[in-house]
Amino acid sequence: MTTNSRKPSLFALKMQKRIDQQTNLSLERESDKNSFGDASAILSGPEASDIHKENVQKLTSMSDEELLNAKNELINSMDGKLIEFLKSKRNNDSAPGKYNLKQKDSDRVKLLNTQNKIKEDKIKNLSYMKDLVNNGLNMDVIEEDKLGWTGDLNVENQNKAIDVYAARFGLDGKLLPYIIENKTTVDGLHHHGEEQHRPGYTIDELYSFLRKNHAPQRILALDVLSKLINNACSYDSVLDKPLLCSLTESGMFVLLRMALDDTNIAIITNALKAIGNLFSRKTDRTMLSGLSGCNCDIALPVYIVPDAEINQNELDKSSDFDLIVLDLVHGALRTDLILRLQYIVFNMNIGSSCLLDITEILTGIASRGEKYAFLVVETNLYKHLYSLVFTNLHSDDLSETFVFLTRVISSQSVKCALKLLEMKILDSIFKYINNPTKTPLLLECLYLWQTFFEYKLAGQTITEVANLVLKFVDRSVGLSADLTKTDLSLMSASLSLIDSALRNFGKIYIDPVYQLTEIILARLLSSSDLPDFETSKLIGNCFSVLSSKNLKFDSVSSKAVEYLNKHFGKICEILYEKSWLMSNYVNNSPKCYPSLGFINISLNGGEPLFMLIGLMKFLCNNPRHFNIPKQFWTYLNKLMKSSIDVSHWYCRYEIIFLINILKTLTNVQFEIEPTHKIAIALMSFIPKHMAEELYYTLKLYFNSNFVDSIKYESNFEILKSFYELLVPNNKSTCASILITELEPILPKDWLFLPILKIHETPFFKSSKEGESLLKESLANVLFMETHYPEVCEQTPLAARYCRVACTFMCGRRGTIFHEVKSMLNQIWHVYAAQNDNLNFKDPIQGVESFYDFYKTLCEHYVSVSYSDTVFGAYVLLPLQRKHSVELRKLVWSEIELPQTINIDEEHLDRIPLHNYTQPVETNKELLKMYTRVMSLRRKFIMYHIAIAHLNQI
């Protein structure tokens, strides 16, 4: 067996010869000693020459093959950018260590970038770069990537109008404008990240600093964040999302908590400051301190997180991050926050400011509820702070904050208060009271003492109350001089304590207090000017003390009535303009850590509300007729028309005033109609924590005169019982109020609740009791729509229509409407008179889809109505030309409504036919349906509507 061998072609032989020649030439050049030069093109410095000689000597001793192999190995192991850089150094024909500007390059400098390209848009920086040449080691070649930050900023869109941009904050935690025009090189705060032309840092950039290992960066970030939290609420109106919500939802607390685990004292101090600011609710604290003692009330809020009120097993399954975003306090405790704080206090040398921040954190935790407050009071950390504060008796911010923390704990429950009494807290408090040096601290001590009285605890101290409090009151009265704000505050707090003692411990010997109170009132009521906030607070508390027991004070009653008759009109004008109930309430706090929110009020100006509360409470026990000015009814009418949802802390004071004036007018046997009007206004305002007041209001609402005015055969006991069943059990205490119980018991559409309840409950829907309740409810709706339309109009007309229309689908076999046809017809006429306001296109509260609701109503009409004209009038309203075409297509295509629906002439007189026929229908699909009109057996209203449209085509 033989093999055939192919000879190489002539072209292949020539190519091989050329390759060999180039290789030999390359090796000859590489082995040539002169090719290495006399000096290194790369190295510089005193030892460069010696190193170069050694390298040349070694290279010349190697064979051509060794040189080639070494070269390939070196090239394969090096980065391409580095190879290009070395080649450029080798090919530079300028003298080593100097940068030579060639004549042809006089207008530019060759800038070497990593991609070996020159960007023309950066030539403007060249003159600046020239100054850097040869000014330092290895500065003979300029590397743009490394030195580009030293040039001018490339500002993009700087002069363009920008509506939305990333928020940046300065080192003081304040929001910075988009651009700051710097006058000098040190003006403004700049950085080297994104948007270099803009000052300040974004939240994400601050977070990145917090993750660094470099301590100064972390300290800076913590300092800025703590200040930023302090200023957060100031920027809610200009940011697309409330800042504090963004911070909590982004998991900022996790980073702050990690910073607490550091060993650097500066980092720990700044982390404590940031967490302290986050937990402090400083705005709430300021308002609560001012409002404490008003109306002799020292209740504090319990910050329940509604979203976290779920099964504990579900919470346990949540990750740490998810739990913190859901409930900040609960999530923080899972991270062993208190244990870490305890370790810091006992083992690290921290300052008093850190102790203040720790106290703020504990206050935030205790405000979450009884379980959390009890957890705090049992810790060694709380006991250590207790010992520190009450041993040294310092009248500083720490003492005041700690007493407030103790008051928060005691207000949560009797159990927490008893735990504090076991620690003999009152003995320590008395030391501050007996040696007062700072008014805010003294006030907190008095309010803490009163908190125990509210639970009927600390009864053994009752004998000290009169003498101790009289000392402050007597010292502060200064009848020959003007009373200062401090005097007024101390007197109000002292009287608030006295009032609590009287209410909770019965008769005690305080005749001197009564006498002194009368003297104070005689002086303050003699002023011709309306009182400021502190004076109003004191007057109200004086009247509260005098009304604590069923004692009669005829001389004071006369002066009170005289004052009311003179000033009540002006006071009502102030209420009209500055109503706390009708103020624009804003609450942008995070759901995981709620606050009380804001309304436009000031505790420094004139505020007669609290004086009015005390006056009405006093006149309720000492009945005297007084004039109700027209300004009051103007204010009440505005309140009844208000559509603002009331569910915040500050509105409760005005509600208390209205409840007290209602009780007072009832006691003095004022006219029934005005008192009934006040009761109606209160129905949708009374919050859950005032549940007992709703019983009283319902009693007045359903009084005999009201029943007679409706002229209905029932006494409305069933309807009254229904509303009473809606009153919840009150979980708040006399010293604390759950923020979830600030919501009204009854909604704005409370009138229609019985109808909705009957319609949604199958058994109740077809029961005798349900039918009786439905009849009474419709009578009530008709009465309110006729006599108090401003109350009804708080619910949109379309929603009222849907709620009343539910009546047609209630009762046994859904035919109860035959028994209440007269009332339904009258209500229809009321709604028809407001036809211009009827709009089914907008969302309707409580109705997911009006189309589906209307379809069900139409089907029910076809099934049971027997062409009832009142029922037909309700069904026909949504078929007007101004409403959705889909509703008209529905009744012509899916339901046999056109040949069954019927109405009376009275309905056409109220809603004329042209409302259904004008403008001419343009929907081709619907017009096609109209052509089937001739097949209808009965020529009812739908026949005339269809013919009118077809005739105009």
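Residues numbered from 1 in each chain as written. Predicted model: local features only at pLDDT ≥ 70, side-chain atom pairs only at ≥ 80, totals over all residues. Heavy atoms only, no water.

> Could you clarify how one ought to interpret the overall build of the chain in this entry?
Scanning the chain from N- to C-terminus turns up 48 helices and two strands. Looking at the chain residue by residue over its 953 residues, the buried ones come to 52%. A separation of at least 24 residues holds for 75% of the contacts in the chain among residues at least 6 apart in sequence. Of the roughly 46900 Å² of accessible surface on the chain, 50% is carried by carbon and sulfur atoms. (Helix = DSSP H or I, 4+ residues; strand = E, 2+ residues; numbered from the N terminus. Buried < 20%, exposed > 50% of the residue type's maximum accessible area, 1.4 Å probe, protein only. Contact = heavy atoms within 4.5 Å. Areas by Shrake-Rupley, 256 points an atom, 1.4 Å probe, with all protein chains shown as cover.)

> Mind showing me how you'd approach the pattern of salt bridges here?
Side chains bearing opposite charge may pair, as long as their charged atoms lie close to each other. Summed over all chains, the structure comprises 28 salt bridges. A salt bridge links R257 to D261; its shortest N-O distance comes to 2.8 Å. Take R257: its relative accessible area is 9%, and that puts it in the buried class. (Salt bridge = Lys/Arg side-chain N within 4 Å of Asp/Glu carboxyl O.)

> Honestly, the nonpolar core in this entry has me stumped. Any pointers?
One recurring pattern in soluble globular proteins: nonpolar side chains tend to sit buried together. Membership of the largest hydrophobic core comes to 284 residues, with the highest contact counts inside it found for F279, F568, F632 and F657. Among all residues touching F568, those that are not within four sequence positions of it are Y563, L612, M616, F626, N627, I628, P629, F632, F657 and I661. (Core = buried A, V, L, I, M, F, W, Y, C linked by side-chain atoms within 4.5 Å.)

> Sorry, what's going on with a negative patch on the surface here?
There is a patch of like negative charges on the surface, built from D904, E905, E906 and D909. Relative accessible area serves as the criterion here: at 61%, D909 is assigned to the exposed category. (Patch = residues over 30% accessible without salt bridge, like charges linked within 9 Å, V, L, I, M, F, W, Y side chains within 5 Å. Lys, Arg positive; Asp, Glu negative; His and termini not counted. Charge placed at Lys NZ, Arg CZ, Asp CG, Glu CD.)

> How should I be thinking about a nonpolar patch on the surface in this particular structure?
A cluster of nonpolar side chains, namely I42, L43 and I51, defines an oily patch on the protein surface of about 220 Å² accessible area. The residue I51 is located in helix α2 (residues 48–60) in this model.

> Help me understand the environment of E896 in this model?
Its location among the elements puts E896 in the loop between α44 (885–893) and α45 (905–910). Distance from E896 to V862, taken between C-alpha atoms, is 7.2 Å for residues 34 residues apart in sequence.

> Is there a simple way to think about the environment of Q880 in this case?
Mapped onto the secondary structure, Q880 falls in the loop between α43 (869–876) and α44. In this structure Q880 comes out as buried when scored by relative accessible area, which is 1%. Each C-alpha atom of the pair Q880 and I911 lies 9.2 Å from the other, and the pair is 31 residues apart in sequence. Other than its neighbours up to four places away in sequence, Q880 contacts N835, L838, R888, I911, N915 and Y916.

> Hey, could you run me through the packing of helix α18 (residues 370–377) against helix α21 (residues 414–422) in this one?
The relative placement of two packed helices is expressed as an angle between their axes plus a distance between the axes. Between α18 and α21, the least distance of the axes is 9 Å, while the angle of their chain directions is 15°. Taken together, the axis directions place α18 and α21 in an arrangement best described as roughly parallel. For the pair α18 and α21, the crossing hand works out as left-handed. Contact residues: E370, A373, F374 and V377 in α18; K415, C416, K419 and L420 in α21. Class assignment of the residues belonging to the contact of α18 with α21 gives a composition of five nonpolar, no polar and three charged. (Axes fitted to C-alpha atoms, helices over the stretch in contact; angles between N-to-C directions. Parallel < 35°, antiparallel > 145°, perpendicular 65-115°, else oblique. Left-handed = near helix turned anticlockwise from the far one by under 90°. Nonpolar A, V, L, I, M, F, W, Y, C, P; charged D, E, K, R; others polar.)

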